[in-house]
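Spelled out from the first residue to the last, the chains are:
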Amino acid sequence: MNRKRIRKIVLAVGGTGLGLFLLILLCLYFYGTAVSSEGITPDTLEGRWGTRIVERHDRLAVQLYSRFDQPVDVVWQFVRNYEEYPERLDYVVSAEVIKQNADESTLKLVTKSFPTNVSEKLSMRYETGGAVKRATWSQIEGNLAHNDGEWEVTPTPNGCFLKYTLCVSYGGPVPDWLLHALLRLYAPEIVEAIDRVVER
């Protein structure tokens, strides 16, 4: 069974006791609970993409790493094109840009979760003056206890290297280690979505 089908099953049954039990088993089977002391670099990445759970500002965060044969600007365009997220990412229900300029944006996002969808307003800040492009976000308001993260796109000799960091907390009965293990199931969807855009 592939991860995409597993993601759909988790969303379908996640709000039930059986769903939570299956969720725990799947996360333990695929990833375990280990927290990595360091991330992945272009030189240490094995295969096309990889994920790890790391510590970020005294919290747990999930990181996705991936190589692309395209230049930085191509992947960066995907990152900044928020209003197309619902078409490109299965877990995004809606995305609205409230304010946007060269240095910052304010977004309203609704994403699939369990037992209900997550609605939040995010503040995005950009660093684009050098070779590395970075978008960092933090939650302004929403129904998560915490949400921050970062997109970072670095040039490589053959294209670029993406590092995506997501640090969230439900603040409820779902422990952070389990939540971030679940998020690792969804992370490869970002790679698949960028690939589809690049192939157009």
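Cut-offs applied
Residues numbered from 1 in each chain as written. Predicted model: local features only at pLDDT ≥ 70, side-chain atom pairs only at ≥ 80, totals over all residues. Heavy atoms only, no water. Helix = DSSP H or I, 4+ residues; strand = E, 2+ residues; numbered from the N terminus. Buried < 20%, exposed > 50% of the residue type's maximum accessible area, 1.4 Å probe, protein only. Contact = heavy atoms within 4.5 Å. Areas by Shrake-Rupley, 256 points an atom, 1.4 Å probe, with all protein chains shown as cover. Pairing = 2+ DSSP bridges. Core = buried A, V, L, I, M, F, W, Y, C linked by side-chain atoms within 4.5 Å. Salt bridge = Lys/Arg side-chain N within 4 Å of Asp/Glu carboxyl O. pLDDT = per-residue confidence, 0-100.

Peer 1: Even after reading the chapter, I still don't get the overall build of the protein chain, so can you show me in this structure?
Peer 2: On a plain count of helices and strands, the protein chain comes out with six helices and eight strands. Counting from the amino terminus, the protein chain carries its helices and strands in the arrangement α-α-β-β-α-α-β-β-β-β-β-β-α-α. Out of the 200 residues in the protein chain, the part that is buried amounts to 45%. Partitioning the intrachain contacts of the protein chain with sequence separation of at least 6 by distance along the chain shows that 46% fall at a separation of at least 24. Counting every atom, the protein chain has about 10300 Å² of accessible surface; 49% of that belongs to carbon and sulfur.

Peer 1: How should I be thinking about the pairing of strand β8 (residues 159-169) in this particular structure?
Peer 2: Every regular strand shows the same layout, with side chains that alternate between the two sheet faces. Burial analysis of β8 places 10 of its 11 residues in the buried class, the great majority of the element. When strand β2 (residues 59-68) meets β8, the two strands line up antiparallel, connected through seven bridges. If you follow Q63 over to β8, its bridge partner there is T165. Pairing between strand β7 (residues 146-156) and β8: 11 bridges, direction antiparallel. When the bridges of β8 are listed, E150 appears paired with T165. The hairpin turn running from β7 into β8, its antiparallel successor, is two residues long.

Peer 1: Looking at this structure, how should I read the nonpolar core?
Peer 2: Residues Y85, L89, W151, Y164 and I190 are the most contacted members of the largest nonpolar core, which totals 38 residues. Not counting chain neighbours up to four residues away, the residues in contact with Y164 comprise V62, Q63, L64, Y91, W137, E150, W151 and I190. Core analysis: the next-biggest nonpolar cluster, separate from the first, contains seven residues, I40, L45, V54 and C167 among them.

Peer 1: Would you explain the pattern of salt bridges in this entry?
Peer 2: Opposite charge on two side chains makes pairing possible when the charged atoms of those side chains draw close. Scanning the model with the defined rule gives eight salt bridges in all. Across the salt bridge formed by R88 and E84, the nearest N and O atoms sit 2.5 Å from each other. A salt bridge links E152 to R134, with the shortest nitrogen-to-oxygen separation between them at 2.8 Å. Placement of the pair is E152 in strand β7 and R134 in strand β6 (residues 133-142), with a sequence separation of 18 residues. Comparing E152 with R134, the two get one shared label, buried. Linked through salt bridges whose partners overlap, the residues forming this network are E127, R134, E150 and E152.

Peer 1: Just to check I follow, could you spell out the environment of W49 for this structure?
Peer 2: Within the element layout of this structure, W49 appears in strand β1 (residues 49-56). For W49, a relative accessible area of 29% corresponds to the partly exposed category. Measuring from C-alpha to C-alpha, the distance between W49 and A187 comes to 9.6 Å, with 138 residues separating the pair along the chain. With sequence-adjacent residues up to four places away left out, W49 is seen in contact with L64, Y65, S66, P188 and V191.

Peer 1: I tried to follow the confidence of the model for the protein chain on my own but got confused; where do I start?
Peer 2: With 74% of its residues at a pLDDT of 70 or more, the protein chain shows a mean pLDDT of 81. Low pLDDT, under 50, characterises residues 13-18; the stretch is placed with eight contacts to residues that sit more than four places away or in other chains.

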